[in-house]
Amino acid sequence: MNRVREAARRWLRRSTWRDLTFAGLCIGAIGALIGLAVPGRKKRGAAWIASLLLAAAYVPLMGRFLPFLLGDRMDVEDIYGG
């Protein structure tokens, strides 16, 4: 597993935003194909699991990204009124 992780790190260092966009689109397409393969009676459970995984990944990711997006416009203390 360490070998795969190291290869991914090397690839990320050399990648552009376009490479990462295409990788994200591919992962999304794989998810859609898997979703189409889930039997109808189990889609609700699969949707809940996918929603929980999305929230678990998206919230921390945006938490790390928002300071870069906001830049100097807002300090963390300003959010809490301090």
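Look up a bit, the structure's there.
All figures in this text were calculated on a predicted structure; none of them were measured in a lab.

Draft legend 1. A look at the overall build of the protein chain. Each helix and strand in the protein chain was counted, giving four helices and zero strands. In the protein chain, the succession of helices and strands from N to C terminus is α-α-α-α. Here the protein chain holds 82 residues, and the buried ones make up 1% of them. About 7,800 Å² of surface is accessible on the protein chain, with carbon and sulfur atoms providing 67% of the total.

Draft legend 2. Examining a nonpolar patch on the surface more closely. Together, Phe65, Leu66, Phe68 and Leu69 make up a nonpolar patch on the protein surface, roughly 430 Å² of accessible area in all. Along the chain, the position of Leu66 falls in helix α3 (residues 43–70). Judged by its relative accessible area of 38%, Leu66 is partly exposed.

Draft legend 3. Examining a positive patch on the surface more closely. Residues Arg3, Arg10, Arg13 and Arg14 make up a contiguous surface patch of positive charge. For Arg3, a relative accessible area of 76% corresponds to the exposed category.

Draft legend 4. Examining the pattern of salt bridges more closely. For the structure on display, the rule yields one salt bridge. Taking the shortest distance from any N to any O, the salt bridge between Glu6 and Arg9 comes out at 3.3 Å. Of this pair, Glu6 and Arg9 both sit in helix α1 (residues 2–14), three residues apart, roughly one helical turn. The exposure class assigned to Glu6 is partly exposed, which follows from its relative accessible area of 33%. According to the relative accessible area criterion, Arg9 is partly exposed, its value standing at 44%.

What counts, and at which threshold
Residues numbered from 1 in each chain as written. Predicted model: local features only at pLDDT ≥ 70, side-chain atom pairs only at ≥ 80, totals over all residues. Heavy atoms only, no water. Helix = DSSP H or I, 4+ residues; strand = E, 2+ residues; numbered from the N terminus. Buried < 20%, exposed > 50% of the residue type's maximum accessible area, 1.4 Å probe, protein only. Areas by Shrake-Rupley, 256 points an atom, 1.4 Å probe, with all protein chains shown as cover. Patch = residues over 30% accessible without salt bridge, like charges linked within 9 Å, V, L, I, M, F, W, Y side chains within 5 Å. Salt bridge = Lys/Arg side-chain N within 4 Å of Asp/Glu carboxyl O. Lys, Arg positive; Asp, Glu negative; His and termini not counted. Charge placed at Lys NZ, Arg CZ, Asp CG, Glu CD.

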